[in-house]
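Structural features, examined
As a plain string of letters, each chain reads:
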Amino acid sequence: MKVEITTEKINAGFLLKLKGDVDMNSSSDVRTAMAEIFKQGRSGMKALLIDLSQVRYMDSSGIATLVEGMQNCLKTGARLRLCELSPPVRDVFELARLASVFEIFPTITDASSGL
Amino acid sequence: MKKLSNKARLEQKVKRLSTLIEVNGLISSSLNLDQILENVMAISKQVMNADASSLMLIDEKTKELVYQVALGKVGEKLKQEFRLKLGQGIAGTVAQEGKPLLLEDAYTHPKFHRAHDDATGYRTKSMITVPLKMGERITGVAQVINRLDGSVFDADDLELFIALCGMAAIAIENARMHKSLMEKQRLVKDMEFARTVQESFLPQTTPEIASYTFSAHYTPAQEVGGDFYDFIHLDRGRIGIVIGDVSGKGVPAALYMAKLGSDLRTLAFTEKDPASALQKLNTMLAERSRRGMFATLLYVELETQSGKLTISNAGHLPPLIKKADGSVGKLATAGGSPLGILAGMQFGQETALLDRGDTVVLYTDGIIEAMNDKEALYGYERFEALVRKSDPDPELLKSAIIEDVNLFTGLSPQHDDMTLVCFGVVK
């Protein structure tokens with residue numbers, strides 16, 4: 001299954017919604033969508049929120065794409081916030097102890113506040 | 001309409017048939033798609049007595065029609081300056097709907113896009129536009145425009161042009177398949193290279209230390225993941241044992257792993273303990289991060305005299321320890337994040353004591369995520385149960401695990417490397 005990506009402009013910046021499998025084959029699509037967001041939000045983007053509630057599977061290439069997104073955010077002073085992690089994504093994050101490096105929120109509303 | 005005698009009609013049919021045979025020969029004679037399409041359109045223009053002909057291919061990324069061939073007085077200008085969106089103009093409409101269109105006067109069609117004529121000063125009148133199709137997939141459209149004798153194209157012309165376009169579509173499909181075959185061959189070569197890089201960095205032998213047994217196994221995945229392991233002889237009484245897994249696969253993962261492995265080898269000697277080695281390594285990797293690549297890694301320092309283990313864990317699966325009494329537990333469960341994500345992260349370490357008969361099992365996720373032909377996972381529970389019931393001797397335990405995983409997966413190709421390192425004190 002390929003990944004479906006939707007990008008939404010929100011007050012704080014952008015909301016990226018991912019649906020399906022974020023893996024070796026599809027992570028380049030996510031990377032392209034993020035690059036487009038960084039291009040558009042060059043000035044004044046406070047945060048990039050990523051909704052992971054519909055992600056069925058994520059491998060290390062998928063995580064690397066999120067890492068790259070976070071590193072790009074750090075360079076521009078924006079925040080990368082992950083929200084609504086689906087159970088498979090939550091498992092991957094727990095196993096690899098990724099919770100300490102990403103900002104993770106239970107809901108999009110939570111992730112949108114305090115920016 | 002053109003009025004032709006029966007004889008002239010017959011002659012025309014023969015000529016058209018010969019053209020089709022000629023074009024058929026053309027498309028199978030070469031794999032140079034640009035040249036083939038140029039020739040097919042030149043022949044179409046000539047045999048259909050057209051003033052201009054063109055062929056556009058769909059750019060899958062932008063969903064636009066891009067001129068591949070444009071023959072006629074304004075052809076070059078068209079090629080350089082114009083593109084059409086799917087659904088835009090006559091060509092865009094035919095590309096979207098997949099149905100051929102014969103127009104006696106293009107200007108009467110509501111979809112006709114006059115911008116090209118306005119920009120070039122050309123006046124389009126009669127035209128035929130045909131989709132290039134392979135099965136249901138549309139790859140582009142071809143057009144012939146304005147008969148040189150001033151008459152309009154008719155149903156016979158349409159029929160002939162459809163046949164010619166069918167051949168152009170075959171040529172496009174052949175070229176696409178050839179390209180994909182070449183890409184596959186290149187990928188296979190890349191994978192072989194990645195495998196060579198990867199394997200050249202893995203230890204060729206296991207350490208030989210009195211009263212200890214070390215055993216290791218590595219199976220590369222079909223696409224070559226980024227697993228690695230290493231033994232570092234620190235001094236007479238200390239040895240470093242490393243296992244890790246780089247994100248992603250193929251050449252990038254193999255090269256990242258090679259660099260990481262050599263950096264860790266240096267830091268293992270210069271830093272005071274495993275936690276500070278990983279701390280430095282993490283910052284080095286994060287500062288030169290490319291494409292978000294990272295690695296999970298477990299670094300164990302073993303003092304051979306006392307059996308003391310100092311373990312620092314960067315997001316890797318906690319190792320198992322099988323004690324001499326048969327019990328099985330996890331070590332270094334409270335680890336830090338993977339390496340290379342954020343500079344300046346702190347890493348902790350924990351210690352444990354290895355007694356006679358104890359065996360430590362380090363492994364990568366390729367083992368517990370090994371999959372059989374029913375897409376079922378080998379799984380952690382099965383793994384732990386096997387460690388529990390197997391002989392604790394490191395060599396025997398390693399073999400038992402590999403055998404059991406292979407039995408489970410059968411001949412299914414695996415998507416991740418499988419790496420296993422077992423070591424312990426001889427009873």
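Remember, predicted model here, so these are calculated numbers, not experimental data.

1. Some remarks on the domain arrangement of chain B
- Partitioning chain B into domains gives domain 1 (6-176) and domain 2 (191-425).
- Between the C-alpha centres of domain 1 of chain B and domain 2 of chain B the distance comes to 60 Å.

2. Points about unusual backbone geometry
Residue and element names in this part refer to chain B.
- Backbone geometry at N146 places phi at a positive 55°, although glycine is not the residue there.
- The phi angle at E375 is positive, at roughly 60°, despite the residue not being glycine.
- With respect to the helices, strands and loops of the structure, E375 is situated in the loop between α9 (365-368) and α10 (380-389).
- With 7 C-beta atoms packed within 10 Å, E375 lands in the exposed category.

3. Some words on helix α1 (residues 6-29) of chain B
- Taking 1.5 Å of rise per residue, the 24 residues of α1(B) would be expected to cover 34 Å, and the 35 Å separating its terminal C-alpha atoms lies within 8% of that figure.
- The buried count for α1(B) comes to two of 24 residues, which makes it a mostly uncovered element.

4. Considering the nonpolar core
- With 99 residues, the main nonpolar core has A:L48, B:L278, B:I367 and B:V421 as its most contacted residues.
- Of the residues forming this core, the biggest block, eight residues, is contributed by helix α7 (residues 250-270) of chain B.
- Discounting chain neighbours no more than four positions away, the residues touching B:V421 are B:A216, B:Y229, B:I241, B:I243 and B:L362.
- Counting residues in each nonpolar core, the second largest holds 46 residues, with B:L37, B:V47, B:L101 and B:L160 among its members.

5. Focus: the sheet that holds strand β3 (residues 47-58) of chain A
All names here are of chain A.
- The strand order across the open sheet formed by five strands is β1-β2-β3-β4-β5, and the pairing between neighbours is mixed. Either end of the sheet is taken by a strand with one partner, and the two such strands are β1 (4-10) and β5 (103-105). Recorded for the sheet is a direction-independent mean angle of 25° between the axes of neighbouring strands.
- Here three bridges tie strand β4 (residues 79-83) to β5, and the two strands are oriented parallel to one another. Across the sheet, residue R81 finds its bridge partner in β5, namely E103.
- Together, β1, β2 (13-22) and β3 form the strand contacts of helix α1 (residues 27-40), whose direction differs from that of β2 by roughly 175°.
- In the packing of helix α2 (residues 60-76) onto the sheet, the strands contacted are β2, β3 and β4, and the crossing angle to β3 comes to about 175°.

Each value, and the rule that gives it
Residues numbered from 1 in each chain as written. Chains lettered and ligands numbered in written order. Predicted model: local features only at pLDDT ≥ 70, side-chain atom pairs only at ≥ 80, totals over all residues. Domains from an automatic or database assignment. Helix = DSSP H or I, 4+ residues; strand = E, 2+ residues; numbered from the N terminus. Buried ≥ 20, exposed ≤ 12 C-beta atoms within 10 Å, placed from the backbone. Expected span 1.5 Å × (residues − 1). Core = buried A, V, L, I, M, F, W, Y, C linked by C-beta atoms within 7 Å. Contact = placed C-beta atoms within 7 Å. Pairing = 2+ DSSP bridges. Axes fitted to C-alpha atoms, helices over the stretch in contact; angles between N-to-C directions.

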